[in-house]
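# Results of the structural survey
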Amino acid sequence: MVCAKQVPESQNAGINQTTNTVIRSGVPLMFNPADEHALEAALQIRDQLCAEVSVITMGQKSAQSLLRYAAALGADKLYLVSDKLYAGSDTYATSLILSRAIKYIGGADLVICGRRAFDGETGHVGPQLSIRLEIPCITNVISIDDCTRTYIRCTRLTEEGSETVEFSLPAVITVCEGINHTRLPDILSLRKAQKIVAGEITNKNLALDIDVIGFGGSPTSVKRVTCLNFHRTHLPLETDIHKGASIIAEKLLTVLKEEGMQVLRDE
Amino acid sequence: MNNNSALKEVWAVSQFTNGHTERTVLELIGKAAELAKDLAGRACLILIAETLEQEVVSLLTAAGADKIYFVANDTGGALNEHWAAREIAHLAELYKPEIMLFPSTIWGRSVAPQAAALLHTGITADCTALRIDENGFLVQIRPAFGASLLAEILCKTARPQIVTVRRGVFSLPTMDKERVGEIVKIGQSYPMDQIIKIISSSSRCNRGTRLHDAEIVIAGGKGVGSKEGFEKLKKLGKLVNGAIGASRAAVDAGYASYDMQVGQTGITIRPKLYIACGISGAVQHIAGVSSAEYIIAINTDKKEPIFRYADYGIAGDLHKTLDEVINFIKGERHYELQKKL
């Protein structure tokens, strides 16, 4: 089961000043990069194990195009979780809705998410899904070393480097973009996928209380959004390498001094 | 156990692994103490470790901890995220903190959201500023959209208010050795599980300073030209205790490994000084480095977008430039430069 999200292509998406949410209409949308790698990881496992790859996304109707792309890449089953009641859900509510939807369609042996979304950049939904589904979670996976129907061994990033871990399935993993190279769909698959309409799951199916979904069910709310302008000094472009290098060296030494450190000389 | 303490508690939660995390712990305690003061409450620390050494207690207390919840764990349990999330959530249910601060490390970014889901409360990732507003709510400020926006987030309806905070965002607290603190020893509530078994781990520490922490980051792009080309960056990095990063293009070209990738699809960094060598400056790359205090770009092509985001740019060959920089730093001139400072 791959959890994917459609995100604005541009970093400069607008903000609705009344609801403080991202304006999604009129902004080109794309497959969240990390999720595309999650799908690729799932497809590779499927090809080894004769498993089935399902892609689930929560969002507006426009997310059908994300699912069509997933189908063109080879996903077997597609689900769109969409309901006006879900609008404004934070990660707490989103993970609840997604977990309920995953249970509704019969669960999964392995749930793969991207490590974070391009727009929100929280990385919370994967770990929170694992709690909702009462299964373990490993984040920041950079390679899947072995996977059977009941067990997985993978390598994940740590602060210090990496570690290889193994655990029983079912489980949730979140993957980094570096885990694999994504494939491109061929023309025929793309053409075939154009007609696909994924099944929609609404709150009629999930029957979640309105107190736990959408704006009202989200513990966090955005109070205010302000634009940030980075002030760079923009010194004139230097073409004299010697002079440039001396300025870089000086800057490096200044930072070292501020940090109370010295140049390390082994020789 | 005291469940209905009148004083509000602000918790700092951190893993204790090695020297590297200590700074983060102190930063979190310092901030917790500040917030606790505004709430007229107490700053507390959750300490999961094998033993509780007096030296550590003194340090943490001096940094601002009024109370240390010590969970004795002889199996390095703090590192087990699956277990830690459950144990910490259980403690929070018992002692009902008002606020919980987690480090925005790989560990914290996994444990904190799991704990939040268990506690049915909200969480905000990667806060860069925190304050208490006039209603007593924690205002959680975080960059969004590749750091082009700042969002102020509140968690009004549920408690605790949980956030993760990046290393280096808050300054180190002033140490006060006269402070006194309380220690609460708690038995482990959950048996240590082996649900996730660690087979092996590798450390990149021997390869230089860690990207997350580094105050100086030297990164290479496709313009570096080869895997060998990165050796020059590493040489300079070693001299100045800088970490080495790479752009996605350099990683894709096989010049550098993914764990070195800086940018939106890699690691987001906020060093004091960022030196981009042979990096064109794709939007995704800029998003991951725009919080750097000072950006220097070296590129042969004057028209590359990276120069628009840099404080200082050099249009020229990066290898020649780096050679010169190394000479300056290693050579006699080093002393001249130092005298000038």
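All values derive from a computational prediction rather than experimental measurement.

### Considerations on the overall build of chain B
Check the secondary structure of chain B and you find nine helices and 16 strands. Put simply, chain B has 341 residues, and 60% of those count as buried. Residue pairs in contact within chain B that sit at least 24 positions apart in sequence constitute 63% of those at least 6 positions apart. For chain B, the computed accessible surface area is about 13500 Å², with 49% contributed by carbon and sulfur atoms.

### Some details on the packing of aromatic side chains
Tallied over the entire structure, the rule returns three aromatic pairs over all chains. Taking NZ or CZ as reference, Arg132 of chain A lies 4.3 Å from the ring centre of Tyr92 of chain A, over its face. Positioned above the aromatic ring of Tyr294 of chain B, the side-chain terminus of Lys251 of chain A is 4.0 Å from the ring centre.

### Considerations on the pairing of strand β7 (residues 137-147) of chain A
Residues and elements named next belong to chain A. Of the pairings in the sheet, the one linking β7 to strand β10 (residues 171-175) comprises three bridges and is parallel in character. By the bridge assignment for β10, Val141 is matched with Val175. With five bridges joining them, β7 and strand β8 (residues 151-157) adopt antiparallel strand pairing. Paired with Ile144 across the two strands is Cys154, which belongs to β8.

### Brief notes about the sheet that holds strand β16 (residues 312-315) of chain B
Read across the sheet, five strands follow the order β13-β12-β14-β15-β16 (chain B) without closing on themselves; strand pairing throughout is parallel. If you trace the sheet from one side to the other, it starts and ends with β13 (243-246) and β16 of chain B, each paired once. Strand after strand, the sheet turns through a mean of 15° between neighbouring axes, direction not considered. Strand direction decides the pairing type here: strand β12 (residues 216-220) of chain B and strand β14 (residues 273-277) of chain B, joined by five bridges, are parallel. Paired with Gly220 of chain B across the strands is Cys277 of chain B, a residue of β14 of chain B. Across the sheet, helix α8 (residues 241-258) of chain A is in contact with β12, β14, β15 (294-299) and β16 of chain B; its angle to β16 of chain B comes to roughly 145°. Along the sheet, helix α8 (residues 318-330) of chain B contacts β14, β15 and β16 of chain B; its crossing angle with β15 of chain B, the most-contacted strand, is approximately 125°.

### Observations regarding the nonpolar core
One recurring pattern in soluble globular proteins: nonpolar side chains tend to sit buried together. The biggest cluster of nonpolar side chains holds 41 residues, and the ones touching the most others in it are Leu252 of chain A together with Ile218, Phe230, Ile275 and Ile329 of chain B. Per element, the largest residue contribution to this core is seven residues, and it comes from α8 of chain A. The contacts of Leu252 of chain A, once residues within four sequence positions are left out, are Ile216, Leu236, Val240, Leu273, Ile275, Val325 and Ile329 of chain B. Grouped together as the second largest cluster of nonpolar side chains are 38 residues, Val55, Leu66, Ala71 and Val141 of chain A included.

### Side note on the interface of chain A and chain B
Of the residues lining the interface, 94 residues belong to chain A; the matching set on chain B comes to 104 residues. Our count for the contact surface shared by chain A and chain B stands at seven salt bridges. The closest approach of N and O atoms between Arg224 of chain A and Glu152 of chain B, which form a salt bridge, is 2.8 Å. Put simply, chain A and chain B have 32 residue pairs in polar contact (both at pLDDT 80 or more) between them. Those elements that provide at least two residues to the side of chain A that touches chain B are α3 (91-104), α4 (125-132), β7, β8, β9 (161-168), β12 (220-227) and α8 of chain A. A class-by-class count of the residues in the side of chain A that touches chain B yields 39 nonpolar, 30 polar and 25 charged.

### Focus: helix α4 (residues 106-119) of chain B
Residues separated by three or four positions in an α-helix point in the same direction, a consequence of the helix having 3.6 residues per turn. Residue and element names in this part refer to chain B. Along its 14 residues, α4 runs 20 Å from first to last C-alpha, staying within 8% of the 20 Å computed at 1.5 Å per residue. The buried count for α4 comes to 13 of 14 residues, which makes it a mostly enclosed element. Following α4 by one or two positions, His120 adopts a phi angle in the positive range, close to 55°.

### Notes on the pattern of salt bridges
All told, the structure shown has 28 salt bridges over all chains when counted by the stated rule. Note that Arg42 of chain B is salt-bridged to Glu9 of chain B, the shortest N-O span being 3.2 Å. Note that Arg42 of chain B is positioned in strand β2 (residues 42-49) and Glu9 of chain B in strand β1 (residues 9-13), a separation of 33 residues in sequence. Three or more residues are tied together by salt bridges with common partners; here these are Glu40, Arg46, Asp47, Asp76 and Arg183 of chain A.

### Concerning unusual backbone geometry
Residue Pro170 of chain A is bonded to the preceding Leu169 of chain A through a cis peptide linkage, with omega at 5°. Mapped onto the elements of the fold, Pro170 of chain A is located in the loop between β9 and β10. In the segment running from Arg159 of chain B into Pro160 of chain B, the intervening peptide bond is cis, with an omega of -5°. Structurally, Pro160 of chain B is set in the loop between β8 (149-155) and β9 (161-165). Here Glu121 of chain A, not a glycine, exhibits a phi torsion of approximately 55°, which is positive. Relative to the helices and strands, Glu121 of chain A is located in the loop between β6 (110-114) and α4. Phi is positive for Asn241 of chain B, close to 60°, though the residue is something other than glycine. The topology assignment puts Asn241 of chain B in the loop between α5 (230-240) and β13.

### Examining α5 of chain B
Residues of α5 of chain B that are buried include every one of Phe230, Leu233, Leu236, Gly237, Leu239 and Val240 of chain B, and no others. Contacts made by the buried residues of α5 of chain B are with α8 of chain A together with β12, β13, α6 (248-252) and α8 of chain B. Positive backbone phi, at 60°, marks Asn241 of chain B, one or two positions downstream of α5 of chain B.

### Let's talk about the packing of α8 of chain A against α8 of chain B
Interhelical geometry of α8 of chain A versus α8 of chain B gives an angle of 50° and a closest axis separation of 8 Å. As judged from the angle between their axes, α8 of chain A and α8 of chain B are oblique. As α8 of chain A runs across α8 of chain B, the sense of the crossing is right-handed. Seen from α8 of chain A, the contacting residues are Ile241, His242, Ala245, Ser246, Ile248, Ala249 and Leu252 of chain A; seen from α8 of chain B, they are Lys320, Thr321, Glu324, Val325, Phe328 and Ile329 of chain B. Here the residues of the contact of α8 of chain A with α8 of chain B sort into eight nonpolar, three polar and two charged.

### Observations regarding the packing of α5 of chain B against α8 of chain B
All names here are of chain B. Orientation of α5 relative to α8, taken along the N-to-C sense of each, is 25°, at an axis distance of 10 Å. Taken together, the axes of α5 and α8 are roughly parallel relative to one another. Crossing geometry of α5 relative to α8 is assigned as left-handed. Here α5 contributes Lys232, Leu233, Lys235, Leu236, Leu239 and Val240 to the contact with α8, which in turn contributes Leu318, His319, Leu322, Asp323, Val325, Ile326, Ile329 and Lys330. In terms of residue class, the contact of α5 with α8 is built from nine nonpolar, one polar and four charged.

Conventions used here
Residues numbered from 1 in each chain as written. Chains lettered and ligands numbered in written order. Predicted model: local features only at pLDDT ≥ 70, side-chain atom pairs only at ≥ 80, totals over all residues. Heavy atoms only, no water. Helix = DSSP H or I, 4+ residues; strand = E, 2+ residues; numbered from the N terminus. Buried < 20%, exposed > 50% of the residue type's maximum accessible area, 1.4 Å probe, protein only. Contact = heavy atoms within 4.5 Å. Areas by Shrake-Rupley, 256 points an atom, 1.4 Å probe, with all protein chains shown as cover. Phe/Tyr/Trp six-rings, centres within 6.5 Å; stacked < 30°, edge-to-face > 60°. Lys NZ or Arg CZ within 6 Å of the ring centre and 35° of its normal. Pairing = 2+ DSSP bridges. Axes fitted to C-alpha atoms, helices over the stretch in contact; angles between N-to-C directions. Core = buried A, V, L, I, M, F, W, Y, C linked by side-chain atoms within 4.5 Å. Salt bridge = Lys/Arg side-chain N within 4 Å of Asp/Glu carboxyl O. Polar contact = N/O pair within 3.5 Å; in protein donor to acceptor, adjacent residues only side chain to side chain. Nonpolar A, V, L, I, M, F, W, Y, C, P; charged D, E, K, R; others polar. Expected span 1.5 Å × (residues − 1). Parallel < 35°, antiparallel > 145°, perpendicular 65-115°, else oblique. Left-handed = near helix turned anticlockwise from the far one by under 90°.

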